[in-house]
Amino acid sequence: MKISVDHLHKIPDFSTVPDDQLQWLIDHSHLQKYNIGDFSFEKGDAIDSLFIVLKGQIAIKIKQNGNYKFVSYINTNTIGGLLPFSRAQSALGYGEVTEDTELLILEKSFFKEMIAKHYELTESLVHNMTSRVREFTKNNLQSEKMMALGKLSAGLAHELNNPASAMLRSAKALKKHLSHVPEKFKRIISIQATNEEIDIVNNLLFDKITNRPENNMSLIERNEKEDQLEDWLENHNVTNAYELTETLLDFCIDVSAIKSIHKEIGAKSFPTTIEWIENVLTTEKMVDEIEEASDRISNLVQSVKSYTHMDQTPEKVATDIHTGIKSTLTMLNHKLKQKGIIIQKQFQDNLIAPKIFVSEINQVWTNLIDNAIDAMDHGGTLTIITTKDGDFIKIEIIDNGKGISKEHINAVFDPFFTTKSIGKGTGMGLEVVQRIINQHNGSIKVTSTKGETIFTVCLPIN
């Protein structure tokens, strides 16, 4: 292929570059051809030349745990490789040729002459570099945010499913339970009881409902009491005793309490009365279960609102960092429960609230805590410590997992570096974390040995 100035003018970045400068580029460059399946560059190759794709296509990929992950395409009339004033040194991924491709290549050795003598050409290439960096940053921030959102969405769906299912079960059970009330009401209303006897039952019943006692019985102790209560009720003409004992014991109504009711009500009215008491307590228990599940859903929604800061403008505000950390733990609670991880929160009381971008800092907690969970085996311990350290708030996130090897610890904040398999990590999480911390004029560092990895974040108070 013979290259002309008119050909290069079709490239948007070169549309206003003078002809003589483009001719200089052509004269000092050379052509390189690649076939489908070739690699134009591989991970670790030195980035020491500029190239222009005259025709064809190159797929940029990164390798994670032996598998390739697609990142983007370099298409015809696209500028790639080394650009003026770029600090890139070696390739982070692979360039696989997906169509027969021809490149125009300018070696780095000609850059000084280009910068000194060809201003417009240099300017267009620098503009290309800044656009590339801006697009790269935007795409990868979005990718990391989407991955974080996916993790949180999966966890939130899991957490919401439990109380929602509990509400549905309790509502169905309550509906079925209430269908039997008319029949039981008919029996209870037929009892000829004095006002004093009714007051005794009412006082016992609503005292248990209003001041529901803690039921701290062990399983063995509860089984023994259930057997005792069932035997006693059967011996006193209660035909469905086994159906009543569980609810009665839930409200700590044992044999001694039952005896007092029997004494005051009398043997004739006792079976119907105790059945009515159990009926009211069962209704109360089901309503409590629905209320508890509703509160759980409400708390989860509040945690999401706090985590995303959805009702606030995107500006720095003085914020209690404990709120964001707690919301993040709520979001990731399903993973913590799956692994049986113990949480130790050592939060300093009355900690000064630093000015932060809330949603961004919450993304920091998400990445650090999620990584810590992944690093630990079942039954691990996650410790989070907050303290005031001079003019900074210091947050330490500590896990007792396998640790980070010496060969990897200096690379954990590098773009695309990850030890996770494809689909589980983009390699941008800690790079994004570092960028957010730098945006806050803070710092982050990591130390690691087997059994203890510590990520330390420092955020300025003002």
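None of these values were measured; they are calculated from a predicted model.

### Structural notes on the packing of helix H7 (residues 219-235) against helix H8 (residues 241-250)
The contact between H7 and H8 brings their axes to 9 Å, and the two run at 130°. With respect to their mutual orientation, H7 and H8 come out oblique. For the element pair H7 and H8, the recorded crossing hand is right-handed. Residue-level inspection shows Arg222, Lys225, Glu226, Leu229, Glu230, Leu233 and Glu234 of H7 in contact with H8, the latter providing Ala241, Tyr242, Thr245, Glu246, Leu248, Leu249 and Asp250. Taken together, the residues of the contact of H7 with H8 break down into six nonpolar, one polar and seven charged.

### Overview of the side chain of His440
Structurally, His440 can be placed in the loop between helix H15 (429-439) and strand S12 (443-449). Within the local environment of His440, its side chain forms a polar contact with the backbone nitrogen of Phe357, the two atoms lying 2.9 Å apart. Setting aside residues no more than four positions away along its own chain, His440 makes contact with Lys316, Lys355, Ile356, Phe357, Ile361, Leu459 and Pro460.

### Regarding a negative patch on the surface
On the surface, Asp6, Asp19, Asp20, Glu120 and Glu123 cluster together to form a negatively charged patch. Elements with a minimum of two residues in the negative patch: helix H2 (19-27) and helix H4 (119-178). With respect to the helices and strands, Glu123 occurs in helix H4. Residue Glu123 is classed as partly exposed on the basis of its relative accessible area of 43%.

### Quick word on the nonpolar core
Core analysis: the largest hydrophobic core is formed by 37 residues, its most contacted members being Trp365, Leu368, Ile369, Leu382, Ile384 and Ile395. When contributions to this core are tallied by element, the ones reaching two or more residues are helix H11 (321-331), helix H13 (358-375), strand S10 (381-389), strand S11 (392-399), H15, S12 and strand S13 (452-460). Top contributing element to this core by residue count: H13, with eight residues.

### Some thoughts on the sheet that holds S12
Strands in a sheet are paired, the pairing made by backbone hydrogen bonds, and the direction either parallel or antiparallel. Pairing is mixed in the open sheet, where five strands are placed in the order S8-S10-S11-S13-S12. The open sheet has two edge strands with one neighbour each: strand S8 (342-347) and S12. When strand polarity is set aside, the average angle formed by the axes of neighbouring strands in this sheet is 15°. Judged from the six bridges that link them, S8 and S10 form a sheet pairing that is parallel. Pairing of Gln346 across the sheet is with Ile385, part of S10. Packed onto the sheet, H11 meets S8, S10 and S11 and runs at close to 170° relative to S10. Those strands touched by H13 are S10, S11, S12 and S13, and its axis lies near 25° from that of S11.

### Topic: the pattern of salt bridges
All told, the structure shown has six salt bridges when counted by the stated rule. Here Lys61 makes a salt bridge to Glu96, at a shortest N to O gap of 2.7 Å. Pair noted here: Lys61 is in strand S3 (residues 49-64) and Glu96 is in strand S6 (residues 94-107), with a separation of 35 residues, a long-range link. Residue Glu96 is classed as partly exposed on the basis of its relative accessible area, which comes to 21%. Between Lys285 and Asp250 there is a salt bridge whose closest N-O contact spans 2.9 Å. Here Lys285, found in helix H10 (residues 270-308), pairs with Asp250, found in helix H8; they are 35 residues apart in sequence, far enough to count as distant. By the burial criterion, Lys285 is buried, and Asp250 matches it. Here the salt bridges share partners, and the residues they tie into one network are Lys335, Asp370 and Asp374.

### Topic: helix H9 (residues 255-265)
Count 3.6 residues to each turn of an α-helix, and residues three or four apart come out pointing the same way. Listing the buried residues of H9 in full gives Val255, Ala257, Ile258, Ile261 and Ile265. The arc that holds the buried residues of H9, viewed along the axis, is 160°, so those residues lie on one side. Exposed residues on H9 whose side chains face more than 90 degrees from its buried face are Ser256 and Lys263. With its phi angle positive at about 100°, Gly266 sits one or two positions after the end of H9.

### A few points about the environment of Pro18
Among the structural elements, Pro18 can be located in the loop between helix H1 (5-9) and H2. Judged by relative accessible area, which is 27%, Pro18 ranks as partly exposed. In this structure, the C-alpha to C-alpha distance between Pro18 and Glu120, residues 102 residues apart in sequence, is 7.3 Å.

### A look at the packing of aromatic side chains
Each pair of aromatic rings is reported with the distance of its centres and the angle of its planes. This model, assessed by the stated rule, comprises three aromatic pairs. With centroids separated by 5.8 Å and ring planes inclined at 80°, the aromatic side chains of Trp232 and Phe270 adopt a geometry described as edge-to-face. Taken together, the residues Trp232 in helix H7 and Phe270 in helix H10 connect sequence positions 38 residues apart. Across this residue pair, the class does not change: Trp232 and Phe270 are buried.

### Brief notes about the side chain of Gln21
By the secondary structure assignment, Gln21 is in helix H2. At a separation of 2.9 Å, a polar atom in the side chain of Gln21 contacts the main-chain amide nitrogen of Leu121. Apart from the residues within four sequence positions on either side, Gln21 is in contact with His118, Tyr119, Glu120 and Leu121.

### Notes on the environment of Phe70
Considering the arrangement of structural elements, one finds Phe70 in strand S4 (residues 67-75). For the pair Phe70 and Ala59, spaced eleven residues apart in the sequence, the C-alpha separation amounts to 7.2 Å. Once you skip the residues sitting within four places of it in the chain, Phe70 turns out to touch Ala59, Ile60 and Lys61.

### Thoughts on unusual backbone geometry
In this structure, Phe85 takes a positive phi of about 70° despite not being glycine. Among the structural elements, Phe85 can be located in the loop between strand S5 (79-81) and S6. Given a relative accessible area of 58%, Phe85 falls into the exposed group. Although it is not a glycine, Asn441 sits at a positive phi angle of roughly 60°. Structurally, the position occupied by Asn441 is in the loop between H15 and S12.

Rules of the game
Residues numbered from 1 in each chain as written. Predicted model: local features only at pLDDT ≥ 70, side-chain atom pairs only at ≥ 80, totals over all residues. Heavy atoms only, no water. Axes fitted to C-alpha atoms, helices over the stretch in contact; angles between N-to-C directions. Helix = DSSP H or I, 4+ residues; strand = E, 2+ residues; numbered from the N terminus. Parallel < 35°, antiparallel > 145°, perpendicular 65-115°, else oblique. Left-handed = near helix turned anticlockwise from the far one by under 90°. Contact = heavy atoms within 4.5 Å. Nonpolar A, V, L, I, M, F, W, Y, C, P; charged D, E, K, R; others polar. Polar contact = N/O pair within 3.5 Å; in protein donor to acceptor, adjacent residues only side chain to side chain. Patch = residues over 30% accessible without salt bridge, like charges linked within 9 Å, V, L, I, M, F, W, Y side chains within 5 Å. Areas by Shrake-Rupley, 256 points an atom, 1.4 Å probe, with all protein chains shown as cover. Salt bridge = Lys/Arg side-chain N within 4 Å of Asp/Glu carboxyl O. Lys, Arg positive; Asp, Glu negative; His and termini not counted. Charge placed at Lys NZ, Arg CZ, Asp CG, Glu CD. Buried < 20%, exposed > 50% of the residue type's maximum accessible area, 1.4 Å probe, protein only. Core = buried A, V, L, I, M, F, W, Y, C linked by side-chain atoms within 4.5 Å. Pairing = 2+ DSSP bridges. Arc of directions from axis to C-beta. Phe/Tyr/Trp six-rings, centres within 6.5 Å; stacked < 30°, edge-to-face > 60°.

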